Amino acid sequence: MSESHHEHESSFWKKYIFSVDHKIIGLQYGITSLIFLLFGFTIMMLMRWQLAYPEQPLPVIGKIFGENRMPGGIMLPEFYNQLGAMHGTIMVFLGVVPLAVGAFGNYIVPLQIGAPDMAFPKLNMASYWSFFVGGVIMLVSFFVPGGAASSGWTSYPPLSDIATVGQTMWLFGMAFLITSSLLGSVNFIVTIFQLRVKGLTFMRLPFFVWAQLVTSFLLLLAFPPLEAASVMQLMDRLAGTSFFLPSGLLISGQPLANSGGGSVLLWQHLFWFLAHPEVYVLILPAMGIVTEILANNTRKPIGAYKLMVYAIIFLGFMSFIVWAHHMFLTGMGTAISSFFQATTMIISIPSVVILAAFFLTLWGGAIRFTIPMLFALAFLPMFGIGGLTGLPLGLAAADIHLHDTYYVIGHFHYIVAPGTIFALFAGIYYWFPKATGRKMNTLLGHLHFWPSFVCMNLIFMPMFIQGLAGVSRRLYDGGLTYAHAQGALHWNVFISMAVWTLALSQIPFIINLLVSMKCGEKVGDNPWEATTLEWATPTPPPHGNFTRELSVYRGPYEYSVPGASRDFSPQYEEKP
């Protein structure tokens, strides 16, 4: 390394703020997205108070938000709608996706393929800062006149077209977030295709890399329609166009000057063409993380590896032709409804194949119940419940009753909260030693896992009961003034108590994360005795990652190979 390059790298701003090192960028994504997740979770806790105790002042905290949002500490319906829209936006676009793809993808993928960095390091940096700017715009929108966006995280017109200035901020923020994902996805695809180390064929790739590759194609192909839709809605709001404004639209009894000829359904098509692949953008990296941890902690090869690869590719393709099952109530007709019902049933098959392979991996394994393994094991039934409860929503007849009820909330959150987020926690505990050289505390890990596991189920399982009773997801008072909701109202207090207990159970994780960086148990380069290439680097990995030239000699999960001297045979060792 030249002296000038060393000086360039040693600058604090170049090394830690405007870094082009994929590991630093991965950590930037990770820290930022965890902060956003905490913020989005806090928003949800405020909403749960309103649902459990409608029209009652929130003690102490309520007065902080001012008289225009919570007069006397009592939440206004408009503020509840803002919290609902921003909770969904922040958790999905600023929390889970950047953590699953931006953080884990950036940090782990180059290490697992033996690359010194991403293919386009400066593009990588631009991707993070575009994400950061989009997040800041979203947060600032809370402080503009009229508050943040309040038309739901889906921003359906015509309400979103005529909403307050916070919706304009939301659209600008989304434009930056989508740009970030596009830059990142191009980078991942080129990196995985071009920078694999010698001997690392596609069928020797760790499943985590496959998951990130398919996810990158989803981001690259699905996000542009929503970016176009966001620009079109901005034009409706700022330039007098009428892409989404139908003819004859009245506002407070007065005709809207620029409305005419637009289609509110056009937005729904463009939005869901992104948002259904987006569900798999959340799930696929989680599946990749779970695969690494299950293989490592069962000490046996992953079940049906090639079948899983084919399944994930097929799942990625199918995710583009199921979007309108979110739109059965728009009157699309029985023929097209039947098509989307069929594709929705078909897309469940590859998910079942992957889940079955996970259970096959557990069968006969010498299971080590580490903290990462506990979270990975919890992912399996939670994702299973989320998937099974989604099947009725894919059938038009059942969806008529269940659409926009708490049943949908329960279904989606079982996939994303105790499903995907548990997998992300598993990944943090698993790769933390590689990033820091220290393990996280096991006792604090147990104090984090068990209450979280119990509370997640106590929160989301009752929502199926509320949904089957027909309780709408968008009632700011939880259904207090609706006759059909009366029988399910008592669940609101129960769920809210579980939410606040879940919040307390995250404290051990935060303490563990911060304290273990300095005081955790020191470990070597391969503390889990794993087989993939990231464990061949020094700990933590230096600039350029690898200190020697590597070759790959076998598949990614060669555990307990007959005749081998150890129960793990790393990809990078010629003799097992």
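Refer to the structure above for everything that follows.
A brief look at the structure comes next.

What counts, and at which threshold
- Residues numbered from 1 in each chain as written.
- Predicted model: local features only at pLDDT ≥ 70, side-chain atom pairs only at ≥ 80, totals over all residues.
- Heavy atoms only, no water.
- Phe/Tyr/Trp six-rings, centres within 6.5 Å; stacked < 30°, edge-to-face > 60°.
- Helix = DSSP H or I, 4+ residues; strand = E, 2+ residues; numbered from the N terminus.
- Buried < 20%, exposed > 50% of the residue type's maximum accessible area, 1.4 Å probe, protein only.
- Lys NZ or Arg CZ within 6 Å of the ring centre and 35° of its normal.
- Expected span 1.5 Å × (residues − 1).
- Patch = residues over 30% accessible without salt bridge, like charges linked within 9 Å, V, L, I, M, F, W, Y side chains within 5 Å.
- Areas by Shrake-Rupley, 256 points an atom, 1.4 Å probe, with all protein chains shown as cover.
- Salt bridge = Lys/Arg side-chain N within 4 Å of Asp/Glu carboxyl O.
- Contact = heavy atoms within 4.5 Å.
- Axes fitted to C-alpha atoms, helices over the stretch in contact; angles between N-to-C directions.
- Parallel < 35°, antiparallel > 145°, perpendicular 65-115°, else oblique.
- Left-handed = near helix turned anticlockwise from the far one by under 90°.
- Nonpolar A, V, L, I, M, F, W, Y, C, P; charged D, E, K, R; others polar.
- Core = buried A, V, L, I, M, F, W, Y, C linked by side-chain atoms within 4.5 Å.
- Bend = angle between axes of the 7 residues up to and from the residue.
- Polar contact = N/O pair within 3.5 Å; in protein donor to acceptor, adjacent residues only side chain to side chain.

## Regarding the packing of aromatic side chains
If you walk through the whole model with that rule in mind, you get 48 aromatic pairs. On the numbers, 5.5 Å between centres and 45 degrees between planes, the contact of Phe-12 with Tyr-16 is tilted. One end of the pair is Phe-12 and the other is Tyr-16, both in helix α2 (residues 12-17) and 4 residues apart, which spans about a single turn. With relative accessibility at 40%, the residue Tyr-16 sits in the partly exposed group. In this structure an aromatic cluster arises from ring pairing among Phe-12, Trp-13, Tyr-16, Phe-18, Tyr-29, Phe-36, Tyr-128, Trp-129, Phe-131 and Phe-132. The positively charged end of Arg-196 is found above the aromatic ring belonging to Phe-202, 4.1 Å away from the centroid. It is Arg-566 that lies over the ring of Phe-568; its NZ or CZ is 4.5 Å from the centre.

## Section: helix α4 (residues 77-112)
The end-to-end C-alpha distance of α4 is 49 Å, a good match for the 52 Å that 36 residues give at a rise of 1.5 Å each. By the criterion of burial, α4 is predominantly enclosed, with 32 of the 36 residues buried. Positive phi shows up at Gly-114, right after α4, with a value of about 75 degrees.

## Concerning a nonpolar patch on the surface
Residues Leu-38, Leu-504, Ile-507, Ile-510, Ile-511, Leu-514, Val-515 and Met-517 make up a contiguous nonpolar surface patch of roughly 720 Å² in combined accessible area. With 6 residues, helix α16 (residues 507-519) is the largest single contributor of residues to the nonpolar patch. One can find Ile-511 in helix α16. Judged by relative accessible area, Ile-511 falls into the partly exposed class, the value being 40%.

## Comments concerning the side chain of Gln-82
As for its position among the elements, Gln-82 is in helix α4. Given the relative accessible area of 7%, Gln-82 is considered buried. Excluding its chain neighbours within four sequence positions, the residues that come into contact with Gln-82 are Arg-69, Gly-146, Gly-147, Ala-148, Ala-149 and Ser-150.

## Considering unusual backbone geometry
Look at the link from Pro-157 to Pro-158: it is a cis peptide, with omega at 5 degrees. Examined against the element boundaries, Pro-158 turns out to sit in the loop between α5 (121-140) and α6 (165-194). Note that the residue after Thr-539, namely Pro-540, is joined by a cis bond; omega there is -15 degrees. Although it is not a glycine, Glu-55 sits at a positive phi angle of roughly 65 degrees. Residue placement: Glu-55 occurs in the loop between α3 (22-52) and α4. For Glu-55, a relative accessible area of 41% translates into the label partly exposed. A positive phi angle, near 50 degrees, is found at Ser-155, a position not held by glycine. Tracing the backbone through its elements, the reader meets Ser-155 in the loop between α5 and α6. For Ser-155, a relative accessible area of 0% gives the class buried.

## Side note on the pattern of salt bridges
By the definition in use, this model includes 6 salt bridges. Here Asp-567 ties to Arg-299 by a salt bridge, and the two come within 3.0 Å at their closest N and O atoms. Pair noted here: Asp-567 is in the segment after β4 (521-522) and Arg-299 is in the loop between α8 (264-298) and α9 (305-318), with a separation of 268 residues, a long-range link. In this structure Asp-567 comes out as partly exposed when scored by relative accessible area, which is 31%.

## Examining the packing of helix α13 (residues 406-436) against helix α14 (residues 442-468)
Between α13 and α14, the shortest axis-to-axis distance is 7 Å and the interhelical angle comes to 165 degrees. Overall, the two elements α13 and α14 adopt an arrangement that is roughly antiparallel. Our pair here, α13 against α14, has a crossing hand that is left-handed. Of the residues belonging to the contact of α13 with α14, the class tally is 17 nonpolar, 9 polar and no charged.

## A few points about the packing of α3 against α5
For the pair α3 and α5, interaxial distance at closest approach is 10 Å and the crossing angle is 15 degrees. By the angle class used here, α3 and α5 are roughly parallel. The interaxial crossing formed by α3 with α5 has left-handed handedness. Counting all contacts with α3, which are made through His-22, Ile-25, Gln-28, Tyr-29, Thr-32, Phe-36 and Phe-39, the residues of α5 involved are Pro-121, Asn-124, Met-125, Ser-127, Tyr-128, Phe-131, Phe-132, Gly-135 and Leu-139. A breakdown of the residues in the contact of α3 with α5 according to their chemical character gives 10 nonpolar, 6 polar and no charged.

## Observations concerning the nonpolar core
Counting 177 residues, the largest nonpolar core has Phe-207 and Phe-358 as the members making the most contacts within it. The greatest single-element share of this core, amounting to 20 residues, is contributed by α4. Contact partners of Phe-207, with chain neighbours within four places excluded, come to Met-287, Gly-288, Thr-291, Glu-292, Tyr-305, Met-308, Val-309, Ile-312, Ile-354 and Tyr-557.

## A closer look at α8
The end-to-end C-alpha separation of α8 is 51 Å, in line with the 51 Å expected for 35 residues at 1.5 Å each. Considering bend angle alone, the principal kink of α8 is centred on Trp-272 and spans about 30 degrees. Among the 35 residues in α8, 30 count as buried, and that is most of the element. By the N-cap criterion, in which a side-chain oxygen at the helix start approaches the backbone nitrogen of a residue two or three places on, α8 is capped by Ser-263, the distance to Leu-265 being 3.3 Å. Looking one or two places after α8, you find Arg-299, whose phi comes out positive at around 60 degrees.

## Quick notes on the side chain of Asp-117
Tracing the sequence through the fold places Asp-117 in the loop between α4 and α5. From its side chain, Asp-117 meets the backbone nitrogen of His-22 in a polar contact 3.3 Å long. Apart from the residues lying within four places of it in its own chain, the contact partners of Asp-117 are Val-20, Asp-21, His-22, Pro-110, Thr-191, Leu-195 and Asn-545.

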